[in-house]
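# Structural features, examined
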Amino acid sequence: MGRFHRHDDGTVHDHDHGDHDHDHGDHDHDHGDHSGYRTGSQRVDVLEAIFAENDARAGANREAFESNGVRALNLMSSPGSGKTTILSATLDELGGDVAVGVIEGDIATDLDATKLAGRGAQISLLNTGNGFGGECHLDAPMVTRALRGLELPGLDLVVIENVGNLVCPAEFDVGEHAKAMVYSVTEGDDKPLKYPVMFRAVDVVLLNKIDLVPYLDVDVENYVTRVREVNPTATILPVSARTGAGMDAWFDWLRRFAAGAPTD
Amino acid sequence: MHELALCEAIADVVKSHADGQHVDVVRVRIGALRQVVPESLSFCWSMVRDFADMPEAELELESVTAAVQCRSCGHDSEITSQWSLLCPRCDSADVAVLRGNEFLVTSLDVSDREPQQTQKE
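Bear in mind that the values here come from a model prediction, so they are computed numbers and not experimental data.

Take the interface of chain B and chain A next. The partner chain A presents 44 residues to the 41 residues of chain B that form the contact. When chain B packs against chain A, the two sides together hide about 3800 Å² of surface, and 57% of this comes from carbon and sulfur. Connecting chain B to chain A are one salt bridge. Linking A:E171 and B:R34 is a salt bridge whose minimum nitrogen-to-oxygen distance equals 2.4 Å. The interface formed by chain B and chain A contains 11 residue pairs in polar contact (both at pLDDT 80 or more). Elements with a minimum of two residues in the side of chain B that touches chain A: helix 1 (2-18), strand 1 (22-31), strand 2 (58-64) and strand 6 (103-111) of chain B.

Below you can see the structure in the form of structure tokens.
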């Protein structure tokens, strides 16, 4: 990785990387003519991934999970797709045999955390409202903070419920072992093509609200086909959190995941 | 909102490499598969750079076209579609991404002017 080294005498070594051959010959780097200061610019090669810091923290989170025998799932979706309803039903179902912790990402409220309380899981609420209008995603340092609210040694599974958003959460590794998303049939079957980064990144897609299909002008097969176009390997599970249809397949998937067994 | 968070991450990388020197130019390489809108990133940068004590740092963006290797037909192809990653030759979805996920700070131009202190709290 290209780093520059500054020595005590002020000299700076600027490493030349073979794969970095941009010739900005027409770009005048000497800004001395309008600055009034004495020197021109010096090029510093960096070649550092912009998410490097986040990814390092995500790695530390993953280690914390693994050293406690915990499996972590990053649960993402657009707002209103049914993440919290699915999670409520999941906690009710798994409560007996899988010890679950939930990191609840929410911009400003504790509404979702309240819905999930009293179902036998440890809940750590993470409000993201300190950013400019509220962060639109969870990043690894936020999850590190939220982990203080969980007692990992007693858990089998941690579900990280991300902020409802199909764009930003896909970019940030938070230390999970798998990514899941809830995609409801009321959202339109074009979403995999419009938000390909999210749909490509996930291991399992819960196609929710299938009980509404008779009232909508939609075809579940079209949804599956569109997901397959950007992600040929994801597990796709049609479910209705409201009626419970298809939810057993999801519970089975999650039990296998929590046990560290193959999920497909 | 996405680009604002990305600009904060860019500023963190820049700070760790600028070693307190005045930052004139920041060069960022972005693959076509990142969901980054260049105009939005540049706009957000014009705000973030002030808060990051590098108010004169110009952002230069270098874009990288996406390319995939198809496991069905074996061909490497550039992707011109903005949405689909299907192999342009045989429409298979079974592809490996060769290029397009890049998102990195490639280089900076720095000078030993005193950084302008703005928005210092």
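All right, on to the layout of surface pockets then. As a volume, the largest pocket reaches approximately 630 Å³. Forming the boundary of the largest pocket are 29 residues, of which B:A32, B:L33, B:R34, B:V36 and B:Q82 lie nearest the centre. At the level of secondary structure, the elements contributing two or more residues to the lining of the largest pocket comprise helix 7 (196-201) of chain A together with strand 1 and strand 2 of chain B. The biggest single contributor to the lining of the largest pocket is strand 2 of chain B, with four residues. Residues belonging to the lining of the largest pocket are distributed by class as follows: 16 nonpolar, eight polar and five charged.

Residue and element names in this part refer to chain A. Mapped onto the fold, T263 is located in the segment after helix 9 (247-258). When the C-alpha positions of T263 and D203 are compared, they lie 9.2 Å apart, and in sequence the two are 60 residues distant. Not counting residues up to four positions away in its chain, the partners in contact with T263 are T235, W253, R256 and F257.

A separate point is the environment of A:D203. Residues and elements named next belong to chain A. Locating D203 in the fold gives a position in the loop between helix 7 and strand 9 (204-208). The class for D203 is partly exposed, based on a relative accessible area of 36%. Remark: the alpha-carbon pair of D203 and H177, spanning 26 residues in sequence, is separated by 9.8 Å. Contact partners of D203, with chain neighbours within four places excluded, come to A178, K179, A234 and T235.

What follows is about the side chain of A:K179. Residues and elements named next belong to chain A. Position of K179 among the secondary structure elements: in strand 8 (residues 178-184). For K179, a relative accessible area of 13% corresponds to the buried category. Here the side chain of K179 touches E176 through a polar contact of 2.5 Å, side chain to side chain. K179 has contacts with L73, N74, M76, F172, D173, A201, V202, D203 and V204, leaving out every residue within four places of it along the chain.

Another aspect to go through is the sheet that holds strand 1 of chain B. The four strands are arranged 3(A)-6(B)-1(B)-2(B) in an open sheet whose pairing can be described as mixed. Two strands bound the open sheet, and with one partner strand each, they are strand 3 (42-49) of chain A together with strand 2 of chain B. Adjacent strand axes in the sheet meet at a mean angle of 20 degrees, parallel and antiparallel pairs treated alike. The pairing of strand 1 of chain B with strand 6 of chain B spans eight bridges and is antiparallel. Paired with B:R29 across the two strands is B:L104, which belongs to strand 6 of chain B.

Moving on, we come to helix 8 (residues 220-230) of chain A. Residue and element names in this part refer to chain A. Within the span of helix 8, buried status applies to Y223, V224, V227 and V230. Down the axis of helix 8, the sector holding all buried residues measures 130 degrees, keeping them to one side. Buried residues along helix 8 sit in contact with strand 8, helix 6 (191-194), helix 7, strand 9 and strand 10 (235-238). Between the side-chain oxygen of the N-cap and the backbone nitrogen of E221 there are 2.9 Å, and the N-cap of helix 8 in question is D219.

Rules and cut-offs
Residues numbered from 1 in each chain as written. Chains lettered and ligands numbered in written order. Predicted model: local features only at pLDDT ≥ 70, side-chain atom pairs only at ≥ 80, totals over all residues. Heavy atoms only, no water. Contact = heavy atoms within 4.5 Å. Buried area = accessible area lost by both parts, 1.4 Å probe. Salt bridge = Lys/Arg side-chain N within 4 Å of Asp/Glu carboxyl O. Polar contact = N/O pair within 3.5 Å; in protein donor to acceptor, adjacent residues only side chain to side chain. Helix = DSSP H or I, 4+ residues; strand = E, 2+ residues; numbered from the N terminus. 1 Å grid on protein atoms, 1.4 Å probe; cavity = no way out; pocket = protein on both sides within 12 Å on 5 of 7 lines; lining within 4 Å. Points joined across faces, edges and corners; volume = space filled by probe spheres on them. Nonpolar A, V, L, I, M, F, W, Y, C, P; charged D, E, K, R; others polar. Buried < 20%, exposed > 50% of the residue type's maximum accessible area, 1.4 Å probe, protein only. Pairing = 2+ DSSP bridges. Axes fitted to C-alpha atoms, helices over the stretch in contact; angles between N-to-C directions. Arc of directions from axis to C-beta.

Honestly, that's just the spatial picture; any functional story needs more than this.
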